[in-house]
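Structural description and commentary
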Amino acid sequence: MTADSAGSAATVVLRRAGPGDVPEVAIVERACFPEDPWGEASLGAELGRAGSVFLVALGPGSVPVGYALGWCVLGELEVLRIGVSPTARRGGLGRRLLVALQQEARAELSFLEVRADNVAALALYASLGYSPIRRRPRYYADGGDALMMRLRL
Ligand SMILES: CC(C)(COP(=O)(O)OP(=O)(O)OC[C@H]1O[C@@H](n2cnc3c(N)ncnc32)[C@H](O)[C@@H]1OP(=O)(O)O)[C@@H](O)C(=O)NCCC(=O)NCCS
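This part takes up the site of the ligand. Around the ligand sit 20 residues, and of these Val84, Arg90, Gly92, Gly94 and Asn118 come closest. A distance of 2.8 Å separates an oxygen atom of the ligand from a polar atom in the backbone of glycine 94. Take leucine 124: an N or O atom from its main chain is 3.4 Å from an oxygen atom of the ligand. When the free accessible area of the ligand is taken as 910 Å², the share hidden by the protein chains comes to 76%. Of all the secondary-structure elements, those providing two or more residues to the shell around the ligand are β4 (76-84), α3 (93-105), β5 (109-115) and α4 (119-127). Ranked by residues supplied to the shell around the ligand, first place goes to α4 with five residues. When its residues are assigned to classes, the shell around the ligand shows eleven nonpolar, five polar and four charged.

Geometry of an aromatic ring pair is reported as the spacing of the ring centres plus the angle between the planes. Overall, the coordinates contain two aromatic pairs when judged by the stated rule. A cation sits over an aromatic face here: arginine 81 above phenylalanine 33, 4.1 Å from the ring centre.

In this section: the environment of glutamine 103. Secondary-structure assignment places glutamine 103 in helix α3. Its relative accessible area of 58% is what places glutamine 103 among the exposed residues. Placed 47 residues apart in sequence, glutamine 103 and valine 56 show a C-alpha to C-alpha distance of 14 Å.

Moving on, we come to the sheet that holds strand β2 (residues 52-58). Reading across the sheet, the seven strands line up as β1-β2-β3-β4-β5-β7-β6 and stay open at both edges, with mixed pairing between neighbours. Both edges of this open sheet fall to β1 (13-16) and β6 (131-136), since each of them pairs with a single strand only. Strand-to-strand twist of the sheet, defined as the mean angle between neighbouring strand axes without regard to direction, takes the value 25°. Alignment of β2 against strand β3 (residues 64-73), held across seven bridges, turns out to be antiparallel. Following the sheet pairing, phenylalanine 54 is matched in β3 by leucine 69. Lying over the sheet, helix α1 (residues 22-32) contacts β2, β3 and β4, oriented at roughly 90° with respect to β3.

This brings us to the pattern of salt bridges. Any two side chains of opposite charge can pair, on the condition that their charged atoms come close. One pass over the full model with this rule turns up seven salt bridges. The shortest N-O distance in the salt bridge between arginine 115 and aspartate 117 comes to 3.0 Å. The exposure class of arginine 115 is partly exposed, given its relative accessible area of 24%. Across the salt bridge formed by aspartate 145 and arginine 135, the nearest N and O atoms sit 2.9 Å from each other.

Bringing the confidence of the model for the protein into the picture now. Predicted confidence across the protein gives a mean pLDDT of 93, with 93% of residues reaching 70 or more. Low pLDDT (under 50) marks residues 1-5, which in the prediction has seven contacts with non-local residues, meaning those over four places away or in another chain.

About the cut-offs
Residues numbered from 1 in each chain as written. Predicted model: local features only at pLDDT ≥ 70, side-chain atom pairs only at ≥ 80, totals over all residues. Heavy atoms only, no water. Near = heavy atom within 4 Å. Polar contact = N/O pair within 3.5 Å; in protein donor to acceptor, adjacent residues only side chain to side chain. Areas by Shrake-Rupley, 256 points an atom, 1.4 Å probe, with all protein chains shown as cover. Helix = DSSP H or I, 4+ residues; strand = E, 2+ residues; numbered from the N terminus. Nonpolar A, V, L, I, M, F, W, Y, C, P; charged D, E, K, R; others polar. Phe/Tyr/Trp six-rings, centres within 6.5 Å; stacked < 30°, edge-to-face > 60°. Lys NZ or Arg CZ within 6 Å of the ring centre and 35° of its normal. Buried < 20%, exposed > 50% of the residue type's maximum accessible area, 1.4 Å probe, protein only. Pairing = 2+ DSSP bridges. Axes fitted to C-alpha atoms, helices over the stretch in contact; angles between N-to-C directions. Contact = heavy atoms within 4.5 Å. Salt bridge = Lys/Arg side-chain N within 4 Å of Asp/Glu carboxyl O. pLDDT = per-residue confidence, 0-100.

If you want it as structure tokens, here you go:
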């Protein structure tokens, strides 16, 4: 399936996630993070958490093709998860989701952590103005480094 048949970013609708979205979001999550996906229980628990902002992107047939999840406390957003189905990537949806998450959170500062070898995510974050603030060597179980990034909104 091409990006078009998965729904271009322009035709994808973004809204707050609800309990009914969790099973399909979990499918996208597994496609995006096959090595350490959050399960339905973990994703569902975020819906009721204070400060949580959980957005879902609905493609054709209102099927979730992306999501973004963050916590915002005292004006600081922590981006926890962002993922776009492999078939819907490179159409601007990841950027749209992250911008919407920032706007919904009404935060002054946004923080996130990313694998230092995640080329796509690093390019997305840099394109929105995020700057690296710290490197955590061997942060991940496989020995990969993490980068902490920050954006003043
Ligand atoms: C990271 C991710 C969310 C990006 O989603 P996306 O919808 O493809 O991103 P966009 O189309 O909005 O791309 C926005 C910008 O990011 C950069 N980018 C995205 N994918 C890229 C890639 N594969 N290679 C290089 N740059 C890339 C580009 O700068 C792009 O802008 P451009 O298209 O104008 O050049 C997606 O690749 C994904 O779900 N990856 C797996 C999960 C993941 O790694 N999440 C982040 C964990 S920290």
